[in-house]
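Structural overview for review
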Amino acid sequence: MVWTGPGAEAGRERLAEYGAARVYVAEGEEFAGYVVAPTAELLAQLVGQVSPAAVLVAGTTEGKEIAGRLAVKTNSGVLTDAIDMTAGESGPVATHANFGGAITVHATVTKGTPILAVRPNAITAQPAPAPGAAELVPVEFTASEAAKAARVTEHAAAEKGARPDLTEASIVVSGGRGTGSADGFKIIEDLADSLGAAVGASRAVTDAGWYPHQFQVGQTGKTVSPQLYVAVGISGAIQHRAGMQTSKTIIAINKDPDAPIFEIADLGIVGDLFKVVPQLLEEIGKHEQL
Ligand SMILES: Cc1cc2nc3c(=O)[nH]c(=O)nc-3n(C[C@H](O)[C@H](O)[C@H](O)COP(=O)(O)OP(=O)(O)OC[C@H]3O[C@@H](n4cnc5c(N)ncnc54)[C@H](O)[C@@H]3O)c2cc1C
């Protein structure tokens, strides 16, 4: 386990509960102030010093950038977006769902120290406590001038009630052309907010300008793998499925009983979304009042 910045002592108990044997602590100012480069440098230094069997980084945008930089610095192989990880004879084996889940690939790193990142929400099991010593080991580290080339100039807290990040959310509610207009799409936001979910959209919606492009799910948009994906007024074209097919549970609402989205849905509701979604909102509201 590697801890960057202050506060390691406060976090130690929790790390011990979940099996950390040793916690390498680098308490510099540089981590908070300088995006990802100093963290990649620190990890490269530690890889040289302690020769770990593998380096596991968080599967976030930031974590994946750190993974890429670390791989270059240590001349190692990197595997990101894994949906599972097992121990193999010659190191960790990562499982990947490619082409929208149509092909499953198992991969191992064959060079250097394996660097791995698991896709958020891919592993559903709750972490099991496994007591460890969590010995705090201070690390001498000074970031290079090159690593300090890009500086964080401001932190702005997300607005209260802001939605979770699309690629990391455990629930995603996506709307398609069936919503009819930018105004009609607002019902998707209402449903998402009632479930604490992120909002996604099909390309038909983003191309029409009803919702911003960064929320597009699919082959040419974001890949999501939430616990629950609610597809509303989306036909389920292959290019859309490529971005959401590995979701754990899929609910589809569509007025066409032959819409392809129903082929992959765990639960399908055939009906007009402008009638179904308000009823859902009402039921969710009742549930919240209990
Ligand atoms: C190279 C390439 C890349 C692409 N990349 C992507 C991508 O990343 N993401 C993506 O989404 N698409 C992508 N597409 C486009 C894709 O092929 C589809 O055109 C698109 O996904 C269709 O979006 P849609 O399902 O919202 O619209 P439609 O296919 O028009 O479906 C609308 C659905 O809404 C239903 N509906 C209509 N009114 C209602 C109502 N009132 N209540 C309930 N249901 C209703 C209809 O029955 C229909 O099934 C790509 C295409 C290409 C060629």
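Refer to the structure presented above.
Residues numbered from 1 in each chain as written. Predicted model: local features only at pLDDT ≥ 70, side-chain atom pairs only at ≥ 80, totals over all residues. Heavy atoms only, no water.

Quick word on the overall build of the protein
- Tallying secondary structure elements over the protein gives 9 helices and 14 strands in all.
- A separation of at least 24 residues holds for 60% of the contacts in the protein among residues at least 6 apart in sequence.
- Across the protein, 21 positive and 32 negative side-chain charges occur, with their mean positions spaced 4 Å apart. (Helix = DSSP H or I, 4+ residues; strand = E, 2+ residues; numbered from the N terminus. Contact = heavy atoms within 4.5 Å. Lys, Arg positive; Asp, Glu negative; His and termini not counted. Charge placed at Lys NZ, Arg CZ, Asp CG, Glu CD.)

Concerning the site of the ligand
- In the region of the ligand, 24 residues are neighbours, and Arg 177, Ser 202, Thr 220, Ser 235 and Asn 254 sit closest.
- Interatomic distance of 2.6 Å between a side-chain N/O atom of Thr 220 and a nitrogen atom of the ligand.
- A distance of 2.8 Å separates a nitrogen atom of the ligand from a polar backbone atom of Leu 273.
- Relative to its unbound accessible surface of 980 Å², the ligand loses 75% to contact with the protein.
- Looking at the shell around the ligand, the elements that each hand over two or more residues are α6 (203-207) and α7 (238-241).
- Per-class residue counts for the shell around the ligand are 5 nonpolar, 14 polar and 5 charged. (Near = heavy atom within 4 Å. Polar contact = N/O pair within 3.5 Å; in protein donor to acceptor, adjacent residues only side chain to side chain. Areas by Shrake-Rupley, 256 points an atom, 1.4 Å probe, with all protein chains shown as cover. Nonpolar A, V, L, I, M, F, W, Y, C, P; charged D, E, K, R; others polar.)

Focus: the sheet that holds strand β1 (residues 2-4)
- The sheet built from 3 strands is open, its strands ordered β1-β2-β9 with parallel pairing. At either end of the open sheet lies a strand with only one pairing partner, and these are β1 and β9 (135-138). Averaged over all pairs of adjacent strands, the angle between their axes in this sheet comes to 30 degrees, without regard to strand direction.
- Relative to β9, strand β2 (residues 22-26) runs parallel, the two being bridged by 4 bridges. Residue pairing across strands places Val 23 opposite Leu 136, the latter belonging to β9.
- Across the face of the sheet, helix α3 (residues 37-50) comes into contact with β1 and β2 while running at roughly 145 degrees to β1. (Pairing = 2+ DSSP bridges. Axes fitted to C-alpha atoms, helices over the stretch in contact; angles between N-to-C directions.)

Observations concerning the sheet that holds strand β3 (residues 55-57)
- Reading across the sheet, the 3 strands line up as β3-β8-β4 and stay open at both edges, with parallel pairing between neighbours. A strand with exactly one partner marks an edge of an open sheet, and here the two such strands are β3 and β4 (78-82). Strand-to-strand, the axes of this sheet are offset by a mean angle of 20 degrees, without reference to chain direction.
- Pairing of β3 with strand β8 (residues 115-118) involves 3 bridges; the strand directions are parallel. Across the sheet, Leu 56 pairs through a bridge with Leu 116, a residue of β8.

Quick word on the packing of aromatic side chains
- Summed over the entire model, instances satisfying the criterion amount to 3 aromatic pairs.
- Judged by centre distance (4.5 Å) and plane angle (35 degrees), the ring pair of Phe 185 and Tyr 211 falls under tilted. Residue Phe 185 is located in helix α5 (residues 182-195), and its partner Tyr 211 is located in the loop between α6 and β12 (228-232); the two are separated by 26 residues in the primary sequence. With respect to class, Phe 185 is no different from Tyr 211; both count as buried.
- Look at Tyr 211 and Phe 215: their rings are 5.1 Å apart centre to centre, the planes differ by 55 degrees, and that puts the pair in the tilted class.
- Three or more aromatic residues joined by ring pairs make a cluster, and in this case those are Phe 185, Tyr 211 and Phe 215. (Phe/Tyr/Trp six-rings, centres within 6.5 Å; stacked < 30°, edge-to-face > 60°. Buried < 20%, exposed > 50% of the residue type's maximum accessible area, 1.4 Å probe, protein only.)

Considering helix α1 (residues 8-17)
- Within the span of α1, buried status applies to Ala 8, Gly 11, Leu 15 and Ala 16. Looking straight down α1, one finds that the buried residues subtend no more than 145 degrees of arc, so they occupy a single side. The outward face of α1, more than 90 degrees from its buried face, is lined by the exposed residues Ala 10, Glu 13 and Arg 14.
- The elements touched by buried residues of α1 are β1, β2 and β9.
- Positive backbone phi, at 95 degrees, marks Gly 19, one or two positions downstream of α1. (Arc of directions from axis to C-beta.)

What about the pairing of strand β11 (residues 198-201)?
- Residues of β11 alternate between two faces, with Ala 198 and Gly 200 on one and Val 199 and Ala 201 on the opposite face, all of them buried.
- The pairing of strand β10 (residues 171-175) with β11 spans 4 bridges and is classified as parallel. Opposite Gly 175, over in β11, you have Ala 201 as the bridge partner.
- In this fold, β10 hands off to α5, which returns the chain to β11; that crossover is right-handed. (Right-handed = clockwise from strand over helix to strand, strands pointing away.)

What about the pattern of salt bridges?
- One pass over the structure, following the stated rule, counts 11 salt bridges.
- For Lys 64, the salt bridge identified is with Asp 81, shortest N-O distance 3.5 Å. Of the two residues, Lys 64 sits in helix α4 (residues 61-74) while Asp 81 sits in strand β4, which places them 17 residues apart along the sequence.
- The class of Asp 81 is partly exposed, set by a relative accessible area of 26%.
- The salt bridge partner of Arg 119 is Asp 81, with a shortest N-O separation of 3.6 Å. Residue Arg 119 is found in the loop between β8 and β9, and its partner Asp 81 is found in strand β4; the two are separated by 38 residues along the sequence. (Salt bridge = Lys/Arg side-chain N within 4 Å of Asp/Glu carboxyl O.)

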